[in-house]
Amino acid sequence: MAAPSLPFRLDLPALENWLWEAACVIRGPVDAPKFKDYILPLIFLKRLSDVFEDELDRLAQEFGGHQMAELLVERDHKLVRFYLPPEARWPNLRERRERLGEHLTDVMRAVARENPRLQGAIDHVDFNATAAGQRILEDGTLARLIEVLSRHRLGLRDVEPDILGRAYEYLLRKFAEGQGQSAGEFYTPREVGILMARLLEPEPGMEVYDPCCGSGGLLIKCHLRLLETHGRTENGRRLLPPEVPPLRLYGQEINPATFAIARMNTVIHDMEADIQPGNTMTHPAFLAPDGSLRRFDLVVANPMWNQKADAFGGPSIYENDPYRRFVFGAPPASSADWAWIQHMYASLKEGGRMAVVLDTGAVSRGSGSRGSSRERDIRKAFVERDLIEAVILLPENLFYNTTAPGIIMVINRAKRHPGEILLINASSLFAKGRPKNYLAEEHIERIAGVYHEWRAAEGLSAIIPKEEATRNDYNLSPSRYVASNHKEEVLPPEEALVLLREAEEERAQADRELARILHMLGLGDFRPEG
């Protein structure tokens, strides 16, 4: 029997508490990093099942009864958004007791077969999996989890997509708190995503792309921002009017489990998005008919910071790139920050804009040093071509994979203020939280306001001509130009490690060149390393 429909809609705190209670059912047998692998697909299936019931009710009213409605749906699955075979419907799952883990796995795969759009989203988890010869989740634990999730409905009348999506992200954040260093691979703090959407201000019909989309949060924030600016409220729900075209959203994610979460997350938010699996650097999923990179109006991303080139098969990818992305120079093997920036830039239409979250060193490494620096040279090329519009220094301890601050860089192919760069030091704009700090709404408003108004504000922002950036050896760290409470800038350990690796890389290259010259002069045996 289906859970009874509530006489009121679940608000966000009640929904969050309920879903976290469900997650706590499996806290004993399953380590925190694995919570999401089991509970998120079940929450997703619960939503699909309850919406399917709502759609059957609608058809029953239209065609004169549930028996006729079910007959019509069995004949034509297109009458509903997602067709669920009988064994996948929640009331039937609640009745199941024997071999539940095996049954759940089969059910998820059956739903994916019936709905190709869900393939790779819910059919990747084995609820019958074992470790050291023991079931990870016993059937009894799964049955208790299903019972907790059965307390409330998640249908169209019970919870709005945005509220359910917020609760979904709440679970991702809770999982991130337990996952530590690897959390940043799938979760960008919600308020950082909101700020990025506020900076880009997507317009109706735009194409938006995230090349390393994680759980899809940044694309979702762009969708929600368009709803906020161009939507209207009908029956308590924010919708785009028929005359306003929605965003067309595209994302790629290398991690199969995180790719699945992104697919589920976009469906939960009731939005259309083309999310593809795979390694963006070696096999970008979105190409033009001639084989070149497809281009987009907006690009938004939070790539893994200081990723080594080994993740893409080695630095040779920069020298032999069939998509001609790295025309500004090959980044060091120790950090792919400027590889991601160049990929994103190459994916922009003429007049396109992008916002990317990176570590602070991406805008300062190599500046002021006597030796060569690939990152500084690439940064120099971007500054001289007048492509960098703004750099925003974020507060410390926002992100789940580090306590270090990050930056948001905005690149614009058609800058509003040519020859100028806006630098915002928002390092002191945060609210204390546990375990992480966060940007409150007033902080987001203030930062976005300074950007859109393009103004210098005492202790917060400065506008510099690009010639000043040149005089400072292309150091674009906002803290260099805007003092914040006279706080001394300290190099984070992660940055020091990247600088050390880059110096070692440069030294090895110099050693090889010296050995080659000595060999040519007959003064040594030239044996290049690597």
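Residues numbered from 1 in each chain as written. Predicted model: local features only at pLDDT ≥ 70, side-chain atom pairs only at ≥ 80, totals over all residues. Heavy atoms only, no water.

### Focus on unusual backbone geometry
The following threshold applies: Segments assigned H or I by DSSP are reported as helices when at least four residues long, segments assigned E as strands when at least two residues long, and all are numbered from the N terminus. Accessibility here uses a 1.4 Å probe with only protein chains present; expressed as a share of the type maximum, an area under 20% marks a residue as buried, one over 50% as exposed, and anything in between as partly exposed.
A cis amide bond links Arg434 to the next residue, Pro435, at an omega of 0°. With respect to the helices and strands, Pro435 occurs in the loop between strand E12 (420–425) and helix H14 (441–453). Here the phi dihedral of Arg324 falls at roughly 55°; this positive angle occurs in a residue that is not glycine. With respect to the helices and strands, Arg324 occurs in the loop between helix H11 (316–319) and helix H12 (337–346). When its relative accessible area of 65% is taken as the criterion, Arg324 is described as exposed. A positive phi is found at Asp386, a non-glycine position, where the angle reads about 60°.

### Details of helix H5 (residues 100–114)
Residues spaced three or four apart along an α-helix face the same direction, because each turn holds 3.6 residues. For clarity, the threshold we go by: Given the number of residues in a helix, its expected span is that number minus one, multiplied by 1.5 Å.
Taking 1.5 Å of rise per residue, the 15 residues of H5 would be expected to cover 21 Å, and the 21 Å separating its terminal C-alpha atoms lies within 8% of that figure. Taken residue by residue, H5 has Leu100, Gly101, His103, Leu104, Thr105, Val107, Met108, Ala110, Val111 and Ala112 as its buried positions.

### Quick notes on the pairing of strand E11 (residues 406–412)
The test is simple: Note on pairing: DSSP must find at least two bridges between two strands before they are called paired.
Most of E11 sits inside the fold, with seven of its seven residues counted as buried. Here E11 shows two buried faces, one formed by Gly406, Ile408, Val410 and Asn412 and the other by Ile407, Met409 and Ile411. Pairing of strand E9 (residues 348–359) with E11 involves seven bridges; the strand directions are antiparallel. Opposite Arg353, over in E11, you have Asn412 as the bridge partner. Pairing geometry for strand E10 (residues 388–393) and E11, over five bridges, is antiparallel. Counterpart to Ile392 in the pairing with E11 is Ile408.

### A short note on the sheet that holds strand E8 (residues 296–301)
Short version of the rule: For helices, the fitted axis covers only the stretch in contact; all axes are lines through C-alpha atoms, and the angles between them, taken along N-to-C directions, range from 0 to 180 degrees. Whether two residues touch is decided by their heavy atoms; if any such pair falls within 4.5 Å, the residues are in contact.
Pairing in this open sheet of nine strands is mixed, and the strands run E7-E6-E3-E8-E9-E11-E10-E12-E13 from one edge to the other. Where the open sheet ends on each side, the last strands, each with one partner, are strand E7 (273–277) and strand E13 (461–465). Neighbour-to-neighbour, the strand axes of the sheet open up by a mean angle of 15°, direction not taken into account. Direction of pairing for strand E3 (residues 207–210) relative to strand E6 (residues 248–253): parallel, over a ladder of four bridges. Across the sheet, Asp210 pairs through a bridge with Gly251, a residue of E6. Lying on the sheet, helix H8 (residues 190–200) is in contact with E8, E9, E10 and E11; it crosses E9 at an angle near 155°. The sheet contacts of helix H9 (residues 217–230) involve E3, E6, E7 and E8, and relative to E3 the element is tilted by about 155°.

### Observations concerning the packing of H5 against helix H6 (residues 139–149)
This is how it is decided: Roughly parallel here means an angle under 35 degrees, roughly antiparallel means over 145, roughly perpendicular means 65 to 115, and every remaining angle is called oblique. Amino acids outside the nonpolar list (Ala, Val, Leu, Ile, Met, Phe, Trp, Tyr, Cys, Pro) and the charged list (Asp, Glu, Lys, Arg) are all regarded as polar, and Gly is one of them.
Direction vectors running N to C along H5 and H6 enclose 60°, while the axes themselves pass 8 Å from each other. Between H5 and H6, the angle falls in the class oblique. Taking contact as the criterion, the partners of Leu100, Gly101 and Leu104 in H5 are, on H6, Asp139, Leu142, Ala143 and Ile146. In the contact of H5 with H6, the residues fall into five nonpolar, one polar and one charged.

Remember that the coordinates give geometry; whether it matters functionally is a separate question.
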